[in-house]
Amino acid sequence: MKIRNKWLSTKFLLLKSEQICNFRRFMRQFQQTAKYLFPIALILLATLAKYSFTGILGNRTPFLLYSGVVIGATWYSGWRIGLLTNFICLLLVVYLFLEPIGSFYIQPRLYVHLLIFTLQNVLVALMGYALQEALRKSRAAESKVKLLLEEACDLLVLRNENGKAIYVSPKVTEITGYTPEEYMELTFDRLVEPEHLEMFKEKIESVMAKPNERQTVKSLFRCKNGGLKWLEGDVYNYLERPGINAIVSHIKDVTSRIQLETQKDEFIGMASHELKTPITNIKGFTTLAKSAIRTNPEKAEALLGRSEVNIKRLGRLVNDLLDISKINTGRLSYEFQLFNLSSLIQEVVQSFILTYPGHTFTLETVPLAIINGDRFRLEQVITNLIDNAIKYSPESRSIVIKQELKEGKAIVSVQDFGIGISEEHLKHIFDRFYRVDASSMRFQGLGLGLFIASDILKNHKGNFWVESKQGEGSTFFFIVPLQGYSKELAVTDHATFYHNSSISIHYHSKENYLEVKWIGIQTKETVNESGLKILEFVRKTKATRVYNDNSEVIGNWSDTSDHGGKVWFPAMAEVGVSFFAWVMSKDRFSNMAAMRSYDMNKSNILIKLFDRQEEAVSWLLEQEVDV
Ligand code: ADP
């Protein structure tokens, strides 16, 4: 049986943690027993001492000695056992040391002594109880405050009057990668980036100079792995505050906030520029048209036409900005109705033919594609794709728009022969504000169109993807489901196989692995549904290995990829999957989504990616789970 190192070390760790647990259990039991043994030992010792020293001390009453026993028992074993010890001591004293010895008879003259002895011991036990309670409460409060400080705050650092760290909360490891001990040893020169160091030191020194002074310090810190993070700290001088006597820094990781702020600033700059350009153009063209209207009406008309194009562009920019804010607040509304997507595409292309007479638009559509959707919003998607195809093809004037029907879905593509997009930029292309660096300088735009289009398509249970080669052009695809197309019914025996239009699952009982084959176009819905089906079959079959074949997949969502990595893989691990052989798709965009799931995988499933199916199967069959 093959056992990998990882399993070996996991086994070793398990064994070690089991030993630790056993030792802890033993200690707990020992402490429990010692609670009873300790008072018994004390009673025996006291009795032995009393007998041994009677010769020297004379036959004095043993009250003092046994009071000591009760105090000891209360201190170690608690007030209840203290009271019990008191009772036993009382009996012992009466029986062993008071006349008549060897009997429980008490002479009346000793009543008061015995009463005082008993009462004083009860008082001791009660005091013990009160003390124990006070201690418990103070410990609980202390650990609560400590927990609150360590968990609720981001990072807490206390420094002495020389600036040396004397306490660093455990959160430091999460933020910087250093352990509190390592962090304490580091000087500011090692932590703070050189360009911020002087300002940082100045602020800290100004806080240290004055009691009760407070400053907010924000700077770039270098983490243990060499990465940079923006940390913001409120630093207080509490050196003279009794009970604290330290410089207290409460530090937050503000990296994502700073990134967002920078992005926002850049966006505002870009948006102002984008809005200003058409306004300047409109102003210029209208002034020129006004002066030419009498002398050269044709020229005036052409100028007004160009002005109109700019007005349209301005309108689109403002609408994009409004849509983005609506998407952010979840208020982008849709009016669904049945309509023919083919006629919509024809109408949009027709209007482009009129606006861009110098371009060639090739249109291949089917006559009828009835869908249930928001006509206006889908028009926005198609317009944006054709707009981009024109904009990002400065050297080419040919655009191909195609529409076909497949598996109950309408597939629309817009192809250009322009600048194309490199692989590294492809995966971000549908992100908000994303613009390819090299093109953002040359072409106007805000990086909002594709993000809005992706949101609209998601709301139509659709999908999108792109195929592109830098320098050769791009093809943007989107799909929307056709109305009235009933889904192919699943064929299944509910135990070893399942098959529908988007997935086939087959359990190989002899080799104990699950074969999963994804078929054709996938949408968020099919990915989620099929993911649940696979989980169900793993649970039923107890398969520990999964062969996952994506070779026939087209298109995928990036947010299903996140879900795949963060939620689905851990769920698969929970039902017992240990190995996952993943055959990649031929479609690059779909592979990027798969890679994202792979990168985000939070489970301990061993995932391996393959191009060839045979290699994936043979690797999977070599893997065996240590039982
Ligand atoms: P905008 O075009 O306003 O910048 P989009 O969201 O429509 O915003 O596009 C985002 C980015 O994707 C563009 O900035 C550009 O870099 C790239 N892009 C979009 N369509 C194409 C295309 N057809 N060819 C090349 N690059 C494209």
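Everything numeric in this text was worked out from a predicted model, so none of it was measured.

**Student:** I would appreciate a short explanation of the overall build of the protein in the present structure.
**Tutor:** Assigned secondary structure in the protein consists of 19 helices and 19 strands. Relative to its length of 627 residues, the protein is extended, with a C-alpha radius of gyration of 39 Å against a globular reference of 25 Å. Over its C-alpha atoms, taken along the principal directions, the protein stretches across nearly 140 × 75 × 45 Å. For the protein, buried positions account for 42% of its 627 residues. Counting only contacts in the protein whose residues sit at least 6 apart along the sequence, the fraction spanning at least 24 positions is 66%.

**Student:** What's the story with the pairing of strand β10 (residues 409-416) in this structure? I'm lost.
**Tutor:** On any regular strand, side chains alternate: one points to one face of the sheet, the next to the other face. Burial analysis of β10 places 7 of its 8 residues in the buried class, the great majority of the element. Pairing geometry for strand β9 (residues 398-406) and β10, over 8 bridges, is antiparallel. Note on β10: the bridge partner recorded for Ile-399 is Asp-416. In textbook terms, the turn of a hairpin is the stretch between consecutive antiparallel strands, and for β9 and β10 this stretch comprises 2 residues, one of which, Glu-407, has a positive phi near 45°. With 7 bridges connecting them, β10 and strand β12 (residues 473-481) associate as antiparallel partners. Counted as the bridge partner of Ser-413 is Phe-477 from β12.

**Student:** Explanation requested: the packing of helix α11 (residues 341-355) against helix α12 (residues 375-391) in the structure shown.
**Tutor:** Each pair of packed helices gets described by two things: the angle between the helix axes and the distance between those axes. As a packed pair, α11 and α12 sit with axes 10 Å apart at the nearest point and diverge in direction by 45°. Classified by the interaxial angle, the pair formed by α11 and α12 is oblique. Read as a crossing pair, α11 and α12 show a hand that is right-handed. Residues Leu-341, Ser-343, Leu-344, Ile-345, Glu-347, Val-348, Val-349 and Phe-352 of α11 form the contact with α12, whose own contacting residues are Arg-375, Leu-378, Glu-379, Ile-382, Thr-383, Ile-386, Asp-387 and Ile-390.

**Student:** Can you walk me through the sheet that holds β12 in this structure?
**Tutor:** Hydrogen bonds between backbone groups are what pair the strands of a sheet, and the pairing can be parallel or antiparallel. Read across the sheet, 5 strands follow the order β7-β9-β10-β12-β11 without closing on themselves; strand pairing throughout is mixed. Each edge of the open sheet carries a strand with a single partner, namely β7 (360-364) and β11 (463-469). Sheet twist, expressed as the average angle between the axes of neighbouring strands with direction ignored, equals 15°.

**Student:** I would appreciate a short explanation of the domain arrangement of the protein in the present structure.
**Tutor:** Accessible area lost upon the coming together of the parts serves often as the stated size of an interface. According to the domain assignment, the protein contains domain 1 (32-148), domain 2 (153-253), domain 3 (258-329), domain 4 (337-481) and domain 5 (491-622). The C-alpha-based centres of domain 4 and domain 5 are spaced at 30 Å. Facing 20 residues of domain 4, the contacting portion of domain 5 comprises 14 residues. Taking both partners together, domain 4 and domain 5 bury about 1,600 Å²; carbon and sulfur atoms supply 61% of that area. Broken down residue by residue, the surface that domain 4 buries against domain 5 is led by Lys-458, Asn-463 and Trp-465, which jointly contribute 31%. Where domain 4 packs against domain 5, one counts 0 salt bridges. Among the elements of the structure, β10, α13 (423-426), α15 (449-458) and β11 are those that each provide at least two residues to the side of domain 4 that touches domain 5. Ranked by residues supplied to the side of domain 4 that touches domain 5, first place goes to β11 with 7 residues.

**Student:** What is the right way to read the site of the ligand from this model?
**Tutor:** For the ligand, the set of nearby residues contains 21 residues, the closest of which are Asn-388, Tyr-392, Asp-416, Arg-435 and Leu-450. Separating an oxygen atom of the ligand from a side-chain N or O atom of Asn-388 is a distance of 2.8 Å. The contact in question runs from a nitrogen atom of the ligand to an N or O atom on the side chain of Asp-416, over 2.8 Å. In isolation the ligand has 530 Å² of accessible area, and contact with the protein removes 97% of it. If you list the elements that add at least two residues to the shell around the ligand, you get α12, α15 and β12.

**Student:** Even after reading the chapter, I still don't get a nonpolar patch on the surface, so can you show me in this structure?
**Tutor:** On the surface, a nonpolar cluster with roughly 570 Å² of combined accessible area is contributed by Leu-84, Phe-87, Ile-88, Leu-91, Tyr-95 and Phe-104. The residue Phe-87 is located in helix α3 (residues 79-97) in this model. The partly exposed category is assigned to Phe-87, whose relative accessible area is 49%.

**Student:** Explanation requested: the packing of helix α10 (residues 297-328) against α15 in the structure shown.
**Tutor:** Relative orientation of the contacting elements α10 and α15 amounts to 50°, with a least axis distance of 10 Å. It follows that α10 is oblique to α15 by the angle criterion. Regarding α10 and α15, the two cross each other, and that crossing is left-handed. For the pair α10 and α15, the contacting residues are Asp-320, Asp-323, Ile-324 and Ile-327 in the first and Gly-449, Phe-451, Ile-452 and Asp-455 in the second. Here the residues of the contact of α10 with α15 sort into 4 nonpolar, 1 polar and 3 charged.

**Student:** Is there a simple way to think about helix α18 (residues 588-600) in this case?
**Tutor:** Because an α-helix completes one turn every 3.6 residues, residues spaced three or four positions apart along the sequence face the same direction. Counted at 1.5 Å a residue, the expected span for α18 with its 13 residues is 18 Å, and the 18 Å between its end C-alpha atoms agrees. For α18, the set of buried residues is Phe-589, Ser-590, Asn-591, Met-592, Ala-593, Ala-594 and Ser-597.

**Student:** I tried to follow the pairing of strand β19 (residues 606-610) on my own but got confused; where do I start?
**Tutor:** In this sheet, β19 lies alongside strand β18 (residues 579-583) in parallel orientation, the contact comprising 5 bridges. Within the sheet, the bridge partner assigned to Phe-579 lies in β19 and is Leu-606. The parallel pair β18 and β19 is bridged by α18, and the resulting crossover is right-handed.

**Student:** Is there a simple way to think about the sheet that holds strand β14 (residues 497-499) in this case?
**Tutor:** In space, the 7 strands of this open sheet follow the order β13-β14-β15-β16-β17-β18-β19, with mixed pairing throughout. In this open sheet, the two edge strands, each paired with only one partner strand, are β13 (491-492) and β19.

**Student:** Whenever I open this one, the side chain of Asp-320 confuses me. Can you help?
**Tutor:** Relative to the elements of secondary structure, Asp-320 occurs in helix α10. Look past the residues within four positions of Asp-320 in its chain and what remains in contact with it is Gln-380, Leu-448, Gly-449 and Ile-452.

The rules behind the values
Residues numbered from 1 in each chain as written. Predicted model: local features only at pLDDT ≥ 70, side-chain atom pairs only at ≥ 80, totals over all residues. Heavy atoms only, no water. Helix = DSSP H or I, 4+ residues; strand = E, 2+ residues; numbered from the N terminus. Rg over C-alpha atoms; globule rule 2.2 N^0.38 Å. Buried < 20%, exposed > 50% of the residue type's maximum accessible area, 1.4 Å probe, protein only. Contact = heavy atoms within 4.5 Å. Pairing = 2+ DSSP bridges. Axes fitted to C-alpha atoms, helices over the stretch in contact; angles between N-to-C directions. Parallel < 35°, antiparallel > 145°, perpendicular 65-115°, else oblique. Left-handed = near helix turned anticlockwise from the far one by under 90°. Domains from an automatic or database assignment. Buried area = accessible area lost by both parts, 1.4 Å probe. Salt bridge = Lys/Arg side-chain N within 4 Å of Asp/Glu carboxyl O. Near = heavy atom within 4 Å. Polar contact = N/O pair within 3.5 Å; in protein donor to acceptor, adjacent residues only side chain to side chain. Areas by Shrake-Rupley, 256 points an atom, 1.4 Å probe, with all protein chains shown as cover. Patch = residues over 30% accessible without salt bridge, like charges linked within 9 Å, V, L, I, M, F, W, Y side chains within 5 Å. Nonpolar A, V, L, I, M, F, W, Y, C, P; charged D, E, K, R; others polar. Expected span 1.5 Å × (residues − 1). Right-handed = clockwise from strand over helix to strand, strands pointing away.

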